[in-house]
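Here's the letter readout for the chains.
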There are 2 protein chains.
Amino acid sequence: MKKIKYMIAAALVLFIIQVYAEEGMYPVSEISKLDLQNKGLKISSLDIYNPNGISIVNGICKVGGASGSFISEKGLIITNHHVAYGAIQGASTPEHDYISQGFYAPARDKEIPAKGYVVRITESYRDISKEVLSAVKPGMTFQEQAEAIDKRIKKLVKKAEKKHKGKRAEISEMFPGKTYVLFLYTYLRDIRLVYAPPRSIGNFGGEIDNWMWPRHTGDFSILRAYVSPDGKPAEYSGDNIPFKPKKVLKIDPAGVKENDFVFILGYPGRTYRNRTSYFLEYQYKYRMPWIADYYQWEIDLAEKMSAKDRGVAIKLATKIKWRSNTMKNYRGKLEGIKRLNLVDKKRNEEKALQEFIENHEKLKKYSGLLAEIKEIYTEISENSDRELILRYLRSSPFIVSMAFTVYEGSKELKKPDIERKSAYMNRNIKRTEKSIERGFNNFYEPADKAILKKLLLKAADLPENKKISAVEKIIKGKDKTSAVNDFVENLYAGTNLKSFNAVLKALYGNPLKDKIFNDPAILFVSQIYEEYENLEKIGKEREGKLDKLLASLLDVKKKFKKTAFIPDANGTLRFTYGRIEGYSPRDAVFYKPFTTVQGIKEKTTGKFPFDAPEKLIGMINSGRFKSFIQPDIKTVPVDMLYSTDTTGGNSGSPIFNAQGNLVGINFDRAYGATINDFAWSRDYSRSIGVDIRYVLWILKDFSKAESIIKELNL
Amino acid sequence: MKKIKYMIAAALVLFIIQVYAEEGMYPVSEISKLDLQNKGLKISSLDIYNPNGISIVNGICKVGGASGSFISEKGLIITNHHVAYGAIQGASTPEHDYISQGFYAPARDKEIPAKGYVVRITESYRDISKEVLSAVKPGMTFQEQAEAIDKRIKKLVKKAEKKHKGKRAEISEMFPGKTYVLFLYTYLRDIRLVYAPPRSIGNFGGEIDNWMWPRHTGDFSILRAYVSPDGKPAEYSGDNIPFKPKKVLKIDPAGVKENDFVFILGYPGRTYRNRTSYFLEYQYKYRMPWIADYYQWEIDLAEKMSAKDRGVAIKLATKIKWRSNTMKNYRGKLEGIKRLNLVDKKRNEEKALQEFIENHEKLKKYSGLLAEIKEIYTEISENSDRELILRYLRSSPFIVSMAFTVYEGSKELKKPDIERKSAYMNRNIKRTEKSIERGFNNFYEPADKAILKKLLLKAADLPENKKISAVEKIIKGKDKTSAVNDFVENLYAGTNLKSFNAVLKALYGNPLKDKIFNDPAILFVSQIYEEYENLEKIGKEREGKLDKLLASLLDVKKKFKKTAFIPDANGTLRFTYGRIEGYSPRDAVFYKPFTTVQGIKEKTTGKFPFDAPEKLIGMINSGRFKSFIQPDIKTVPVDMLYSTDTTGGNSGSPIFNAQGNLVGINFDRAYGATINDFAWSRDYSRSIGVDIRYVLWILKDFSKAESIIKELNL
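Residues numbered from 1 in each chain as written. Chains lettered and ligands numbered in written order. Predicted model: local features only at pLDDT ≥ 70, side-chain atom pairs only at ≥ 80, totals over all residues. Heavy atoms only, no water.

A few words on the relation of the copies chain A and chain B. Mapping chain A onto chain B leaves a residual RMSD of 0.1 Å; the transformation is a rotation of 179° accompanied by 0.1 Å of translation along its axis. In the structure described here, the two chain copies are related by an operation that fits a two-fold rotation axis. Looking at the rotation axis and the C-alpha trace of chain A, the residue lying nearest is F590(A), at 2.6 Å. A shared binding surface is used by both copies, with 100% of the interface residues of chain A retained as interface residues in chain B. (Least-squares fit on C-alpha atoms with pLDDT ≥ 70 in both. Contact = heavy atoms within 4.5 Å.)

Next comes the structure, spelled out in structure tokens:
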């Protein structure tokens with residue numbers, strides 16, 4: 001009897017868990033199928049997404065590669081501090097260090113243009129798979145198929161942009177080789193900085209706390225979008241007026257509590273859930289460990305060089321930040337794959353699928369599918385070291401990457417626009433220029449040289465049958481260390497590509513007339529370029545083949561599992577739901593779902609990144625929390641944990657409660673949730689957001705940002 | 001209405017907390033006053049301690065400096081792995097590495113003598129304060145008072161041991177300058193090793209997990225005590241028979257669960273709860289930071305030297321282990337004092353006490369008390385660096401410590417026994433010899449030299465008015481680094497004290513005839529010895545003065561607080577109770593009170609100290625846990641947390657449930673509880689024990705130790 005009781009209790013627990021959170025970054029078209037009211041949603045799914053009217057979705061935007069929300073009639077956008085960071089940095093001068101001090105424009109004429117910022121609003125989308133896939137003709141090689149699809153997509157985009165003046169079109173692959181969707185976006189180009197907390201709040205905890213819980217980061221900032229007086233997207237102008245969003249999201253200053261239903265809308269970047277065990281094994285055994293180790297080396301190098309000189313530290317800060325971010329993310333993923341036994345789990349699923357195929361006469365044509373996919377990843381794995389070295393040789397030493405751009409770009413620019421590589425097409429070339437310009441801000445020659453040397457020596461150590469001939473030529477018979485050393489020193493002493501203008505001149509000039517091959521960096525690139533063309537060819541071949549195979553795999557998996565599949569995240573608008581809940585990161589430890597302002601005081605050391613402002617500590621010490629408190633803990637909550645399904649790109653995503661009101665801003669995942677790119681885990685997949693009560697407390701009580709509070713109309 | 005409900009709930013929570021756990025390492029005579037039945041105890045307090053009969057207390061013993069329990073009629077003792085470590089190490093040979101492999105004697109003739117181990121049983125005790133304090137005569141200086149008390153204690157001990165043949169007497173100061181208790185102990189000297197798990201279980205997690213939760217250490221071992229055939233304590237002999245304890249503790253294989261009442265009996269070493277804020281401030285600002293930094297330096301040195309050579313690593317392992325243990329403990333204490341604001345808290349209590357004194361005419365004589373105590377600690381703080389350097393100069397470089405022993409001992413041994421320093425009295429001299437012999441096992445000259453150099457250079461850097469003349473003589477005008485270097489090199493090249501026999505010969509020889517002053521180490525000691533005699537004089541003076549002041553302080557505090565005080569721990573038998581409960585070490589993190597075998601697997605890396613045996617991992621993976629499981633988590637618990645009040649010396653203490661049955665063995669405290677020596681904290685004071693279910697699972701299912709399981713009579 002008692003046993004039965006236990007079983008019922010266990011079943012109930014299971015039931016509760018199932019209704020409250022599940023895997024899924026759903027395209028908004030799927031929301032109505034999810035029976036969300038039974039899972040805790042208190043509004044209609046049409047209130048979230050209404051294809052024939054205005055809904056919450058219309059209050060969401062994309063800010064750079066991340067997400068944001070419209071929170072006022074006059075175009076106020078709330079997103080993360082780290083998303084607005086470029087704007088804060090760009091607005092700062094030696095006299096006005098808004099990174100350290102924070103920024104608040106009490107009136108519109110005090111706002112500062114967020115240079116280079118673009119806000120994107122999803123206007124419409126439609127399935128365009130047939131038009132894309134009809135580019136593939138019988139008899140084409142896999143490489144030709146992949147190229148035909150690429151070209152067709154470019155053409156369809158051009159056509160759509162012509163038809164919808166002022167909009168930007170993008171075609172996203174939803175299921176590889178199978179489903180393609182055409183998205184139309186409005187691009188707002190006059191974006192201004194309205195509010196940023198000091199870095200000691202907005203990035204409290206810095207790299208050390210990145211990917212970590214408990215977290216105490218006030219990772220939010222406020223921007224405003226402007227349009228021309230006639231309401232059209234426009235570049236910055238003093239005459240522009242605030243953009244009026246179709247939908248303004250409502251803030252609930254009461255926030256949420258443990259176990260509450262929440263949902264998130266945003267633009268998650270990339271996931272690989274629908275890939276095979278072979279893909280995962282390649283990531284686990286080859287690609288991610290190699291990159292994590294290599295990034296660790298680059299970080300150590302940059303930190304050593306930064307320690308001596310503040311100027312150097314500023315130049316290398318971005319590299320350290322992003323390399324650390326990825327390195328820690330990969331280490332987390334590697335741990336997660338091991339802990340969850342993911343490769344074996346997927347392998348077992350595939351075994352079952354194979355048996356299913358072999359037990360059904362009609363599915364015979366699929367019987368070689370998994371073996372073919374395995375073969376591709378075996379080949380990728382075997383060439384992994386070589387390809388990774390080539391990839392980083394091209395991208396990591398900045399001068400070499402400039403030589404690549406010049407060498408490749410000057411060839412591409414001669415082609416008709418539609419045939420060019422994407423970076424050199426007319427619609428993208430300005431962005432490419434901007435990225436070159438930004439790159440020079442962070443160029444530090446000694447680090448650059450050390451990186452090139454390291455990569456050339458790695459290339460020299462490749463096994464006989466994997467050698468790279470251009471590198472072998474550098475060494476041929478000499479001591480490899482001194483040969484590489486001499487080569488790199490000569491390259492940097494002789495190259496002319498050390499300024500933005502020099503690169504632009506070479507890019508748009510006449511390669512033969514300008515004798516760009518006299519430049520040792522370009523000469524090196526010209527010798528190694530064939531390897532990259534080969535890589536690309538092989539890549540296209542693999543891509544074409546995998547597209548076919550994965551499309552078939554999806555077909556047979558649907559038959560096997562009798563269920564629809566959710567497309568992997570691909571930077572398009574997605575919906576996910578879950579609840580406010582903690583988790584157990586390891587045996588005997590439980591992470592509660594809310595941190596509190598007391599925790600800020602606990603962590604504060606006075607030294608970056610744990611340098612909370614004295615004023616804030618004073619406010620915490622005073623213990624007088626009038627509003628914005630969590631009733632059961634009687635203090636102001638800071639960050640929160642919830643079991644939604646997010647990934648990179650969801651930065652800045654609004655967190656909604658069951659009523660569809662905004663209760664927080666998503667900005668990170670817990671360490672155990674770095675695994676989200678490969679699998680969602682009931683036990684570990686927790687996202688991290690800043691609680692709206694902390695946002696409001698900082699705005700109102702810390703920064704006295706009255707004009708913003710007023711505009712929010714709470 | 002709702003508010004009232006909340007208040008009632010809050011009051012109830014407070015109530016529950018208060019009845020379940022509180023500060024206090026009670027002398028067993030106090031147990032009956034604690035109203036334990038109302039706090040959860042299910043037996044009578046006479047079952048725990050019965051001055052006129054047999055009770056649980058009679059099943060407790062002291063093993064070295066730690067605690068143990070009798071668990072069979074035939075003298076089986078359960079204690080910690082780290083307590084029995086010396087015995088396991090001593091039993092090991094290159095052929096039989098019981099440290100790595102573990103040890104199990106399936107029959108009595110397979111047991112191995114635990115050389116040097118002594119087990120102590122408390123037989124009786126009585127207050128002897130009057131006899132001790134009557135040694136103090138009017139007109140004595142403070143130094144004379146302290147010396148008179150010392151001498152009187154020695155005499156009373158001698159008298160008691162004469163009266164109670166075969167027993168050992170000890171007089172313990174319960175309240176400084178106020179209460180003294182004479183304890184009579186039986187010393188069992190034939191102790192044998194019966195069972196030890198492999199180090200990969202018994203010390204799983206090693207130094208990294210030391211003072212940490214979550215913990216997964218199987219820190220237990222089993223010994224057996226023997227006596228002569230006529231039942232009397234005796235040295236090892238093949239004819240000896242197992243000791244029959246007065247009380248055998250009963251094991252409950254069902255263990256405990258969260259919130260259960262537990263109590264502990266054992267021999268906690270030292271606490272300082274009854275000291276003043278001035279004492280604490282001195283520890284916090286001067287003594288502990290100095291020692292933690294200095295130990296860190298010694299650890300770094302020893303680790304660097306160990307990295308190159310396995311032989312060196314073995315010699316230095318003990319130093320690294322104990323220095324790390326103390327260093328981490330001190331760092332934890334420093335953090336805890338800061339976090340709990342302990343100095344300020346005590347200062348405020350003292351302010352209130354001072355006001356109380358000044359408001360009561362009759363208490364006028366106490367009005368200068370706190371100021372006088374403050375003055376003493378001001379002086380101690382001012383001389384702290386100098387005194388610490390002198391102290392470590394004497395004890396840390398082993399050769400110098402040998403020279404001290406020879407120089408001092410050869411003088412002391414000429415005096416009548418009762419007048420000698422304790423280490424050289426007849427009842428202790430054999431122990432002193434043993435400790436010299438053990439010291440040579442760990443002597444590694446290069447480390448020894450580096451330590452002496454470091455300390456001499458520290459001495460050289462003391463401010464002008466604190467200089468040490470013997471060190472100044474070494475340097476006088478020369479470059480201090482090279483002068484110290486030359487001096488140390490010459491000392492080690494010239495000394496004869498590099499073997500146990502040489503030290504013994506010099507100690508018992510004729511100093512003048514043997515010309516021991518020709519030895520450069522002894523010569524150095526002879527030049528610096530006066531400083532130590534001075535230190536000792538000053539120390540006695542302070543001790544005498546503090547004894548008086550603290551005795552008065554206790555008197556007036558009793559009047560102020562209207563409560564009895566519990567004497568600080570001093571290595572005598574104590575009782576403490578609490579409950580099985582986790583805690584929150586920092587914002588948003590909760591530590592649950594049980595770890596599980598799954599956590600062992602989680603931590604296992606295959607490398608020491610996370611090298612759980614493959615067989616154990618296999619048992620965990622199998623998931624077939626038949627017995628010894630925790631019902632609510634359906635797996636075998638490993639370690640547990642509880643809110644009793646313990647400190648060093650409680651290692652090996654039995655943990656009892658409400659029925660007085662043994663449910664675990666205490667072995668450590670959580671990091672936040674390192675503060676216990678200064679204050680007990682409701683929030684942080686948690687002790688760590690190994691769950692009896694893990695002990696039994698390891699014995700039965702891992703080690704197949706059938707004979708032990710049978711003897712336990714579960």
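Residue and element names in this part refer to chain A. Of all ten residues making up strand β9 (residues 179–188), ten are buried, and the element is well covered by its neighbours. Here β9 shows no split at all, with T179, V181, F183, Y185 and Y187 on one side and Y180, L182, L184, T186 and L188 on the other all buried. Bridge analysis of strand β7 (residues 119–127) against β9 gives eight bridges, and the strand direction is antiparallel. Paired with V119 across the bridge in β9 is L188. Bridge count for strand β8 (residues 167–175) against β9 is eight bridges, and the pairing is antiparallel. Paired with F175 across the bridge in β9 is T179. The hairpin formed by β8 and β9 contains three residues between the paired strands, and G177 there has a positive phi angle of roughly 70°. (Buried < 20%, exposed > 50% of the residue type's maximum accessible area, 1.4 Å probe, protein only. Helix = DSSP H or I, 4+ residues; strand = E, 2+ residues; numbered from the N terminus. Pairing = 2+ DSSP bridges.)

Next up on the list: the domain arrangement of chain A. Residue and element names in this part refer to chain A. Per the domain assignment, the segments of chain A are domain 1 (272–382) and domain 2 (384–539). Computed from C-alpha coordinates alone, the two centres of domain 1 and domain 2 are separated by 26 Å. Across the domain 1 to domain 2 interface the summed buried area is about 1800 Å²; carbon plus sulfur atoms make up 62%. Ranking the residues of domain 1 by area buried against domain 2 places W290, Y294 and K315 at the top, with a combined share of 35%. Linking domain 1 with domain 2 are five residue pairs in polar contact (both at pLDDT 80 or more), by the criterion used here. Elements represented by at least two residues in the side of domain 1 that touches domain 2 include exactly α9 (277–308), α10 (310–339) and α12 (369–382). By residue number, the principal contributor to the side of domain 1 that touches domain 2 is α9, which donates eleven residues. Taken together, the residues of the side of domain 1 that touches domain 2 sort by class into twelve nonpolar, two polar and seven charged. (Domains from an automatic or database assignment. Buried area = accessible area lost by both parts, 1.4 Å probe. Polar contact = N/O pair within 3.5 Å; in protein donor to acceptor, adjacent residues only side chain to side chain. Nonpolar A, V, L, I, M, F, W, Y, C, P; charged D, E, K, R; others polar.)

Residues and elements named next belong to chain A. Averaged over every residue, the pLDDT of chain A is 93; the share at 70 or more is 97%. Within the model, pLDDT remains below 50 along residues 1–19, and this stretch shows three contacts once partners closer than five positions in the same chain are excluded. Interface scoring of the predicted complex returns ipTM 0.86; its pTM is 0.88. (pLDDT = per-residue confidence, 0-100.)

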